[in-house]
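Spelled out from the first residue to the last, the chains are:
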Amino acid sequence: MDGSADACGVPEGTESGSQKDRVVTEEEWLRKWEMGNIGFHKEQGHPLLQKYLDVLLNGRSGLRIFFPLCGKAVEMKWLADLGHSVVGVEVSEQALKEFFAEHRLPYHEEPVPEISGAKKLRSTSGNISLYCCSIYDLSSSIVGKFDGVWDRGALVAVNPCDRQRYVSLMITLMEKNSSYLLVTVSYDPNKHKGPPFYVPESEIKSLFGNHCEIKCLQKLDDFSDRHRQWGLDYFLEVLYILKFVA
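The notes below deal with the structure included here. Residue positions are given per chain, counted from 1 along the sequence in the order it is written. The predicted nature of this model means local features are confined to residues of pLDDT at least 70 and side-chain atom pairs, given and counted, to a pLDDT of 80 or more, with totals for whole chains, interfaces and linings taken over all residues. Heavy atoms throughout the structure, all of them, feed into the side-chain values; hydrogens and water do not.

## Comments concerning the overall build of the chain
Spelled out, the test is: Numbering goes from the N terminus for both helices and strands, where a helix is a DSSP run of H or I of at least four residues and a strand is a run of E of at least two. Two things to know: the radius of gyration comes from C-alpha atoms, and the globule rule equals 2.2 Å times the number of residues to the power 0.38. Three labels apply to residues, based on accessible area from a 1.4 Å probe with only protein chains included: buried if under 20% of the type maximum, exposed if over 50%, partly exposed otherwise in between. Any two residues whose heavy atoms approach within 4.5 Å at even a single point are treated as in contact.
Counting its regular elements, the chain contains eight helices and nine strands. A globule of 246 residues ought to have a C-alpha radius of gyration of about 18 Å, and the chain, at 17 Å, matches this closely. Dimensions along the principal axes, computed over C-alpha positions, put the chain at roughly 50 × 45 × 30 Å. When burial is assessed residue by residue, the chain has 50% of its 246 residues classed as buried. Nonlocal contacts in the chain, meaning residues at least 24 apart in sequence, comprise 69% of its contacts between residues at least 6 apart.

Put into structure tokens, the structure is as follows:
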């Protein structure tokens, strides 16, 4: 690590050159779900979303909220229960079916005519729609635009070579005056190959800076035995709010 720090006081690690060529295939992600290797899933929901929900909602009700690479995030049910419309995308059908089963939510499956082989799992109540496909197959003409995004375990899971492609897509899905809560992770990228990948604040600014206002809200020490087994000695989650101003 060098001695510099970002606006949240998070040390900027050595540039993640050792990670830039790392590629995780769709098959590897599917295998993680099949094997139950999903240490990234938080059974109780994420404390940063609970704490900063008002920042995301900004006093608004009945929002359309997007969960990229959603897995079976419990926060989707929570936000739907608060009266919002939730849309998620995930390559693992198993993850999506586990979400509905674990919350005892009835749903039905629909084809997505615009995307070959894709399907949409939609709650009977109609306020949760989860697409089973690659996120790169989505567009605003298929899913519409969103008032809010909860991006935890998404940007940091995208292969570094696809990061610009991912951000370009996300920008096209944002309504004017929308809010985007982004969680990144900070650790020494020379000690762990990822995912999750290390994305420094300087890169957040280069990826999003021309399209929105960016503010670091909080860093959270999330270090655990899992990270120690990776050979790390620190692991932080860093929360940003991105505001897409009109």
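Having seen it, we continue.
## Points about the sheet that holds strand 2 (residues 85-90)
Which entries qualify depends on this criterion: Being paired, for any two strands, means DSSP has found at least two bridges between them. Each axis is a line fitted through C-alpha atoms, taken for helices only over the stretch in contact, and angles between the N-to-C directions span 0 to 180 degrees.
With respect to topology, nine strands assemble into an open sheet ordered 3-4-5-2-1-6-7-9-8, the strand pairing being mixed. Strands with a single pairing partner mark the edges of an open sheet, and in this sheet they are strand 3 (107-111) and strand 8 (213-221). Between one strand axis and the next, the sheet turns by 20 degrees as a mean value, whatever way the strands run. As paired strands, strand 4 (residues 119-123) and strand 5 (residues 128-132) are joined by four bridges and run antiparallel to one another. Paired with Arg122 across the bridge in strand 5 is Ser129. Set on the sheet, helix 2 (residues 47-57) makes contact with strand 1 (64-67), strand 6 (146-152), strand 7 (174-186), strand 8 and strand 9 (236-244); between it and strand 8 the angle comes to about 160 degrees.

## Structural notes on the packing of aromatic side chains
Rules: Two aromatic rings from Phe, Tyr or Trp, using only the six-membered ring of Trp, form a pair when their centres are within 6.5 Å; if the ring planes differ by under 30 degrees the pair is stacked, by over 60 it is edge-to-face, and anything between is tilted. Only when the NZ atom of a Lys or the CZ atom of an Arg is both within 6 Å of the ring centre and within 35 degrees of the ring normal do we say a charge sits over the ring.
Taken as a whole and judged by the stated rule, the model has eight aromatic pairs. Residues Trp230 and Phe235 carry aromatic rings whose centres are separated by 6.2 Å and whose planes lie at 75 degrees to one another, so their mutual orientation is edge-to-face. Through successive ring pairs, a cluster of aromatic residues spans Tyr187, Tyr198, Trp230 and Phe235. The side chain of Lys32 reaches across the aromatic face of Trp29, ending 5.6 Å from its centre. Lying over the aromatic face of Tyr136, Arg165 brings its terminal NZ or CZ to 4.0 Å of the ring centre.

## Considerations on helix 7 (residues 201-208)
Counted only if it meets this: This arc is built from the directions going out from the helix axis to the C-beta atoms.
Burial in helix 7 covers these residues: Glu201, Ile204, Leu207 and Phe208. Each buried residue of helix 7 sits inside an arc of 120 degrees when the element is viewed along its axis, so together they form one side.

## With respect to unusual backbone geometry
Following Gly194, the chain continues to Pro195 via a peptide bond in cis, the omega torsion being 0 degrees. Positionally, Pro195 belongs in the loop between strand 7 and helix 7. Along the chain, Pro195 connects to Pro196 via a cis peptide bond; the corresponding omega equals 0 degrees. Inspection of the secondary structure assignment puts Pro196 in the loop between strand 7 and helix 7. A positive phi angle, near 55 degrees, is found at Asn58, a position not held by glycine. Summarising the element assignment, Asn58 is placed in the loop between helix 2 and strand 1. Given the relative accessible area of 48%, Asn58 is considered partly exposed. The phi dihedral of Leu69 is positive, around 45 degrees, even though this residue is not glycine. Inspection of the secondary structure assignment puts Leu69 in the loop between strand 1 and helix 3 (75-81).

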